[in-house]
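# Commentary on secondary and tertiary structure
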Amino acid sequence: MDIGTLRGLGTALIFIAFIGLVFWAYNSKRKSSFDEAANLPFADEEPSSNEPNTDKSGSNNQ
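Residues numbered from 1 in each chain as written. Predicted model: local features only at pLDDT ≥ 70, side-chain atom pairs only at ≥ 80, totals over all residues. Heavy atoms only, no water.

## What to know about the overall build of the protein
For clarity, the cut-off: Strands are runs of DSSP state E lasting at least two residues, helices are runs of H or I lasting at least four, and both sets are numbered from the N terminus onward. To sort residues, take the accessible area from a 1.4 Å probe on protein chains only and compare it with the maximum for the residue type: under 20% means buried, over 50% means exposed, and anything in between is partly exposed. Where accessible areas are quoted, they stem from the Shrake-Rupley method and a 1.4 Å probe; at the residue level, only the protein chains shown are allowed to cover.
Secondary structure summary: the protein contains two helices and zero strands in total. Within the protein, the proportion of its 62 residues that are buried is 0%. Looking at the protein as shown, the accessible area adds up to about 6,300 Å², and 59% of this sits on carbon and sulfur atoms.

Now the structure itself:
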């Protein structure tokens, strides 16, 4: 086996892994978990207006 054959096999292996990853990512069974992960940044509750704004960094901005 020469280096060209090894490179061709390596390319084929990476291509097969890529196709498998694409099928995994676009599988309809994964849609709900991906939608949940996409909405995680918006899951935090807004702070209520009754709570005082406290600076926990310890710096004085005077």
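## Points about a nonpolar patch on the surface
As a reminder of what qualifies: A residue counts toward a patch only above 30% relative accessible area and without a salt bridge, and it is joined to like-charged neighbours within 9 Å or, for Val, Leu, Ile, Met, Phe, Trp and Tyr, to nonpolar neighbours within 5 Å. Should a side-chain nitrogen of Lys or Arg be within 4 Å of a carboxyl oxygen of Asp or Glu, the pair is scored as a salt bridge.
Together, Phe15, Ile16, Phe18, Ile19, Val22, Phe23 and Tyr26 make up a nonpolar patch on the protein surface, roughly 800 Å² of accessible area in all. Along the chain, Ile19 falls in helix H1 (residues 3-25).

## Some thoughts on the packing of aromatic side chains
For clarity, the threshold we go by: Pairing of aromatic rings covers Phe, Tyr and Trp, the last through its six-membered ring, and needs centres within 6.5 Å; plane angles under 30 degrees mean stacked, over 60 mean edge-to-face, and all others mean tilted.
With the rule as written, the count across this model stands at one aromatic pair. Aromatic pair Trp24 and Phe34: ring centres 5.7 Å apart, planes at 85°, arrangement edge-to-face. Of this pair, Trp24 sits in helix H1 while Phe34 is found in helix H2 (residues 31-38), placing the two residues 10 residues apart along the sequence.

## Here we look at the pattern of salt bridges
In total, this model carries one salt bridge according to the counting rule given. Lys31 is the salt-bridge partner of Asp35, the closest N and O atoms lying 3.0 Å from each other. Remark: Lys31 and Asp35 occur in helix H2; sequence separation between them is four residues, near one turn of the helix. Note on Asp35: relative accessible area 35%, which makes it partly exposed.

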